[in-house]
Amino acid sequence: MDNTNWTSVSHFVLLGISTHSEERIPLFLLFLFMYTISISGNFAIIALIISAPHLHTPMYIFLSNLALVDICFTSTTVPKMLQNIFSPTKTISYMGCLAQTYFFICFAAMENFLLAAMAYDRYIAICHPFRYPMILTRVLCAQMVAMCHVLSHLHALLHTFLMGQLNFCADNRIPHFFCDLYPLMKISCTSTHLNTLMIHTEGVVVINGALALIIASYACIISVVLRIPSAKGKWRAFSTCGSHITVVAMFYGTLTWVYFRPLSSYSVTKDRIVTAMYTVVTPMVNPFIYSLRNGDVKGAFRKWMNRIWTSFFR
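By the naming in an unreviewed UniProt entry, the protein chain is Olfactory receptor, taken from Daubentonia madagascariensis. Of the comments in the UniProt record for the protein chain, the one headed Sequence similarities (unreviewed entry) reads "Belongs to the G-protein coupled receptor 1 family."

A. Inspection of the UniProt feature "transmembrane region" (unreviewed entry) in the protein chain at higher detail. Per the UniProt record, "transmembrane region" (unreviewed entry) is found at residues 25-50, 102-123, 135-158, 204-226, 238-260 and 272-292. Taken end to end, residues 25-50 is 100% helix and 0% strand, and its two terminal C-alpha atoms sit 37 Å from one another. The distance separating the terminal C-alpha atoms of residues 102-123 is 32 Å; by composition the span is 100% helix and 0% strand.

B. Region of interest: the environment of Thr 201. Assignment of secondary structure puts Thr 201 in helix α7 (residues 193-225). The exposure class of Thr 201 is partly exposed, given its relative accessible area of 35%. Within the local environment of Thr 201, its side chain forms a polar contact with the backbone oxygen of Leu 197, the two atoms lying 2.6 Å apart.

C. Fine view of helix α5 (residues 138-164). Here α5 spans 39 Å end to end across 27 residues, near enough to the 39 Å set by a 1.5 Å rise per residue. Among the residues making up α5, those that are buried are Cys 141, Met 144, Val 145, Cys 148, Ser 152, His 155, Ala 156, His 159, Thr 160, Leu 162 and Met 163. In this structure, the buried side of α5 is in contact with α2 (58-85), α3 (94-127), α6 (181-186) and α7.

D. Region of interest: the state of the cysteines. Here the structure, examined in full by the defined rule, presents 1 disulfide. Disulfide partner of Cys 97: Cys 179, at an S-S distance of 2.0 Å. In this structure the cystine formed by Cys 97 and Cys 179 twists about its S-S bond by roughly -120 degrees; its chirality is therefore left-handed. Of this pair, Cys 97 sits in helix α3 while Cys 179 sits in the loop between β3 (173-174) and α6, and the two are 82 residues apart along the sequence. With relative accessibility at 1%, the residue Cys 97 sits in the buried group. Its relative accessible area of 1% is what places Cys 179 among the buried residues. Considering cysteine sulfurs only, Cys 106 is the nearest to Cys 72, which forms no disulfide, with 9.0 Å between them.

Calculation criteria
- Sequence order as written defines residue numbering, which begins from 1 separately in each chain.
- Local features in this predicted model are restricted to residues whose pLDDT is 70 or higher, and side-chain atom pairs enter the listing and the counts only when it is 80 or higher, whereas totals over whole chains, interfaces and linings include all residues.
- Water and hydrogen atoms were dropped before computing side-chain values, which therefore reflect all heavy atoms in the structure.
- UniProt positions are given in the numbering used here, feature names are shortened, and annotations may be inferred rather than shown by experiment.
- Only runs of H or I of at least four residues qualify as helices and only runs of E of at least two qualify as strands under DSSP, and these elements are numbered from the N terminus.
- Burial classification: accessible surface area is computed with a 1.4 Å probe over protein chains only, and a residue below 20% of its type maximum counts as buried, one above 50% as exposed, and the rest as partly exposed.
- N or O atoms within 3.5 Å of each other form a polar contact, as long as, within protein, one can give a hydrogen and the other can take it, and as long as residues adjacent in sequence are counted only when both atoms are side-chain atoms.
- Multiplying one less than the number of residues by 1.5 Å gives the expected span of a helix.
- Any two residues having at least one pair of non-hydrogen atoms within 4.5 Å are treated as being in contact.
- Disulfides are defined as pairs of cysteine sulfur atoms found within 2.5 Å of each other.

Here is the structure:
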């Protein structure tokens, strides 16, 4: 396209999930409900882990960090989407759009790294149970969490910087509910070859590297569990991993479907529904998955509720 057709974009228009006016109220109520459940559920997990001393172990340190990341992850996109549903302009500033892209990528990458750290925790707990306290010390846990944060911010900085190098045409309408990479690349007037290349190289290394660690951890776990003679022992070992496997499948399944395909095959209309799955639905159900399938969390939750109930009616 000739340079004379390029223009400096000061803002974008986020068209949202639906452009039909009759769907505004149902969509607003649905996403407000999911956002409220997500925030309250993840805050409850964090408060529960902080208040229960027996949950101050590596597994629950990682889980509390995952809950915090889920709160930040949904808060990056949902409040702006709720505001835009009834907004006549539905605008977001250029810098606000880049900031939203940055934090969205950052928290998605952080969840990716934390899920890998949690898989490593399960590997040590099941394959090397007697050495678990010596290997996964509090210092190592803190270092792993810090590394998750550093790598996530570097990953987000790279892709946001590349996005900032693109030029955009007069048509600044994004048929999405937030500033995601592919929808922005779709409306760019300049070549997005480098952006796509980095998504399919560095992005694949970041996502698949963590996924490879998860798969390797569970391969070792399965190998050890299958050597346990009793069925009860096998079930007990696998039950400690069930919630983590469920979250991993939901997160990586939707993430891979949306991003690791050619840009030409990306359909904003269809794929924004899948995007809503891992930006809103997955963070909402994570607290329920980890609490309903975990005896320690359920026990701590009952004690916590009893304490609240007793202090309230004292």
